[in-house]
Amino acid sequence: MNKGGPIIIIEDDLDDQDILSEVFKELNYKNEVIFFDDGEKALSYLTSTEIEPFIIFSDINMPKLSGIELREKIHQNEDLRLKSIPYLFFSTSAEQRHVIDAYSKSIQGFFVKPSSYAEIKETIKTIVSYWEACVSPNYVK
């Protein structure tokens, strides 16, 4: 896990992108925040760059390639799997079948987007703080 790497957000809703962009600006993390509006674009980026992202926040329901399908492709790619990038779902709903599918693909968390800006900000802060403190298999002291 590259704690200084970019934070990837895969979200097709432009309003949600704007809110998350503002939240990350207010939290003032040093990490670059990169948005993708569909899973295919995100997968193309992840498989073609040498950059190791810090965290991936993914919506579930997206055009072209769903969050579940994207997670499966990332998990099947040995190079990406070895980068130990935390993959989290950050979605407007948590249908039981989605949660079961997500955890069967070895995700590291499933979060329902809170309804208020303050709660979204607090949730993001909690998630990032956790992963900043976490040690991963490719951790080098």
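All of these numbers come straight from a predicted model, not from anything done at the bench.

Participant: When you look at the pattern of salt bridges in this model, what are you seeing that I'm missing?
Facilitator: Opposite charge on two side chains allows them to pair when their charged atoms are near. Applying the stated criterion across every chain, the model contains eight salt bridges. Residues Lys113 and Asp16 are paired through a salt bridge, measuring 2.9 Å at the closest nitrogen-oxygen approach. Of the two residues, Lys113 is situated in the loop between strand 5 (109-112) and helix 6 (117-133) and Asp16 in helix 1 (residues 14-27); the sequence distance between them amounts to 97 residues. Asp16 matches Lys113 in its accessibility class, with the two residues each being buried. Residues joined in a network through salt bridges with shared partners are Asp37, Asp38, Lys41 and Lys64.

Participant: What should I look at first to understand the environment of Leu14 in this one?
Facilitator: Along the chain, Leu14 falls in helix 1. Separated by 23 residues in the primary sequence, Leu14 and Asp37 have C-alpha atoms spaced 8.2 Å apart.

Participant: How should I be thinking about the packing of helix 1 against helix 6 in this particular structure?
Facilitator: Packed helix pairs are specified by the crossing angle of their axes together with the interaxial distance, meaning the distance between the axes. The N-to-C vectors of helix 1 and helix 6 enclose an angle of 60°; their axes lie 10 Å apart at closest approach. The angle between helix 1 and helix 6 falls in the class oblique. Our pair here, helix 1 against helix 6, has a crossing hand that is right-handed. Residue-level inspection shows Ile19, Leu20, Glu22, Val23, Phe24, Glu26 and Leu27 of helix 1 in contact with helix 6, the latter providing Tyr117, Ile120, Lys121, Ile124, Lys125 and Val128. The residue makeup of the contact of helix 1 with helix 6, split by class, is nine nonpolar, no polar and four charged.

Rules used throughout
Residues numbered from 1 in each chain as written. Predicted model: local features only at pLDDT ≥ 70, side-chain atom pairs only at ≥ 80, totals over all residues. Heavy atoms only, no water. Salt bridge = Lys/Arg side-chain N within 4 Å of Asp/Glu carboxyl O. Helix = DSSP H or I, 4+ residues; strand = E, 2+ residues; numbered from the N terminus. Buried < 20%, exposed > 50% of the residue type's maximum accessible area, 1.4 Å probe, protein only. Axes fitted to C-alpha atoms, helices over the stretch in contact; angles between N-to-C directions. Parallel < 35°, antiparallel > 145°, perpendicular 65-115°, else oblique. Left-handed = near helix turned anticlockwise from the far one by under 90°. Contact = heavy atoms within 4.5 Å. Nonpolar A, V, L, I, M, F, W, Y, C, P; charged D, E, K, R; others polar.

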